[in-house]
Amino acid sequence: MRYGDKVAVDRLSFEVARGTITAVLGPNGAGKTTTLETCEGYRKPQGGSVRVLGLDPQRDRRALLPRIGVMLQSGGAWSGVRAKEMLDHVARLHSHPLDTGMLYERLGLGDCGSTPYRRLSGGQQQRLGLAMALVGRPELVFVDEPTAGMDPMARRTTWELLEELRADGVTVVLTTHHMDEAERLSDLVHIIDHGRVIASGTPRELTSSRKEATLRMVLPVLSAHAHDELSGILGDQLEVTLLDDAVHVSSPADGATLAAVARWYEHHEVLPVSLTLGQRTLEDVFLELTGREITP
Ligand SMILES: Nc1ncnc2c1ncn2[C@@H]1O[C@H](COP(=O)(O)OP(=O)(O)OP(=O)(O)O)[C@@H](O)[C@H]1O
């Protein structure tokens with residue numbers, strides 16, 4: 001897929017098994033939305049081939065559309081339409097829709113049914129978008145950043161809903177910038193960058209490919225001298241970032257490095273704000289592979 005000279009999706013290839021949740025991760029501009037929109041039939045690829053439920057999203061669009069649900073990254077409803085009217089309208093387009101009242105309650109939209117779409121909060125618009133994607137009982141749903149802007153309660157409800165869909169045999173393809181979301185939900189993760197798949201696997205496979213755990217420390221300040229000393233102990237994979245006025249340090253570590261760090265603290269008679277040792281997270285893997293932070 002190109003936009004002018006810009007190659008947005010470049011020989012990207014993956015398959016999604018039925019009844020699974022697949023997450024497509026990647027930094028901003030990696031080509032995630034373009035990939036999904038191509039699968040949904042909204043964009044015609046200039047090369048390659050796409051099959052969704054065995055159908056060509058362009059040629060077989062009429063046969064495919066009733067079988068898939070799509071939650072766009074934003075929008076999808078008229079600005080003045082009331083939330084309930086919109087969902088009822090979408091429900092009427094399907095032959096066997098879900099009960100809209102049930103979906104409304106489930107997604108915590110019960111008290112904003114008569115609110116115009118443009119007046120809904122960002123999180124409420126997301127929830128309505130999800131309801132619109134699910135109301136037609138799709139076999140396959142594409143959800144583009146489903147929980148962006150949602151509060152923690154709504155995120156949890158969304159996760160539970162997506163897990164229930166999978167338990168019912170529905171296939172889910174999602175993009176997200178929340179690594180915890182991908183880690184919790186997905187059977188398979190594809191990390192993409194510059195329009196290509198750069199790593200694929202289950203969250204466990206991706207996070208356990210190295211033996212060491214990751215050491216994370218938060219410090220109030222870190223002088224240049226202290227930074228050099230810590231680099232000497234932790235080696236060249238040390239990452240230091242300033243976040244919320246605190247210094248966040250992370251590095252692969254084994255027992256010996258942990259002991260050396262403890263001695264360093266003892267020597268300097270200081271304590272970190274926090275210090276944890278744990279498995280690598282998907283976020284660590286993402287940063288290593290793309291060299292970029294995830295910006296929600
Ligand atoms: N309609 C368009 N016209 C021109 N360029 C576009 C268009 N849509 C996307 N692009 C470019 O194509 C690339 C891929 O964009 P895409 O939206 O697919 O990325 P993404 O991974 O979904 O990003 P994000 O995480 O920010 O949503 C980007 O460089 C983007 O600027």
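Look up: the structure comes first, before these words.
Residues numbered from 1 in each chain as written. Predicted model: local features only at pLDDT ≥ 70, side-chain atom pairs only at ≥ 80, totals over all residues.

Chemist: Account for the nonpolar core, naming residues and giving values.
Modeler: Ranked by internal contacts, the top residues of the largest apolar core, which has 54 residues, are Leu87, Ala131, Val141, Phe142 and Val172. Looking at this core, the element that brings in the most residues is helix 5 (residues 122–134), giving six residues. Aside from chain neighbours lying at most four places away, what touches leucine 87 is Thr100, Leu103, Tyr104, Leu128, Ala131, Met132 and Val135. Counting eight residues, the second-largest nonpolar core is a separate cluster that includes Leu215, Leu219, Leu234 and Val261. (Core = buried A, V, L, I, M, F, W, Y, C linked by C-beta atoms within 7 Å. Buried ≥ 20, exposed ≤ 12 C-beta atoms within 10 Å, placed from the backbone. Helix = DSSP H or I, 4+ residues; strand = E, 2+ residues; numbered from the N terminus. Contact = placed C-beta atoms within 7 Å.)

Chemist: So, the sheet that holds strand 4 (residues 68–71): which residues are in play, and what are the values?
Modeler: The strand order across the open sheet formed by six strands is 4-5-6-3-7-8, and the pairing between neighbours is mixed. In the strand order of this sheet, the two ends are held by strand 4 and strand 8 (196–201), each with one partner. Within this sheet the neighbouring strands show an average axis-to-axis angle of 15°, counted without direction. Summarising the sheet, strand 4 and strand 5 (residues 140–144) pair through four bridges and their orientation is parallel. From the neighbouring strand, methionine 71 faces strand 5, where its bridge partner is valine 143. Lying over the sheet, helix 1 (residues 32–40) contacts strand 3 (21–25), strand 4, strand 5, strand 6 (171–175) and strand 7 (188–193), oriented at roughly 150° with respect to strand 5. (Pairing = 2+ DSSP bridges. Axes fitted to C-alpha atoms, helices over the stretch in contact; angles between N-to-C directions.)

Chemist: Let's hear about the packing of helix 3 (residues 83–92) against helix 5: which residues, and what values?
Modeler: In the contact formed by helix 3 and helix 5, the axes pass within 9 Å of each other and the chain directions differ by 15°. When the axes of helix 3 and helix 5 are compared, the pair comes out roughly parallel. The crossing of helix 3 and helix 5 is right-handed. On the side of helix 3, the interface is formed by Ala83, Met86, Leu87 and Val90, while helix 5 contributes Leu128, Ala131 and Met132. Across the contact of helix 3 with helix 5, the residue classes break down as seven nonpolar, no polar and no charged. (Parallel < 35°, antiparallel > 145°, perpendicular 65-115°, else oblique. Left-handed = near helix turned anticlockwise from the far one by under 90°. Nonpolar A, V, L, I, M, F, W, Y, C, P; charged D, E, K, R; others polar.)

Chemist: Describe helix 10 (residues 255–268), with residues and values.
Modeler: For helix 10, which comprises 14 residues, the first-to-last C-alpha distance of 20 Å matches the rise-based estimate of 20 Å (1.5 Å per residue) to within 8%. Little of helix 10 is tucked away: one of the 14 residues are buried. Looking one or two residues beyond helix 10, the residue adopting positive phi is glutamate 269, at roughly 50°. (Expected span 1.5 Å × (residues − 1).)

Chemist: Which residues make up the pairing of strand 10 (residues 239–243), and what are the values?
Modeler: Little of strand 10 sits inside the fold, with zero of its five residues counted as buried. As paired elements, strand 10 and strand 11 (residues 246–253) share five bridges and run antiparallel to each other. What sits directly across from glutamate 239, in strand 11, is serine 250. Linking two consecutive strands that pair antiparallel, namely strand 10 and strand 11, is a turn of two residues; a positive phi of about 50° is found at aspartate 244 within it.

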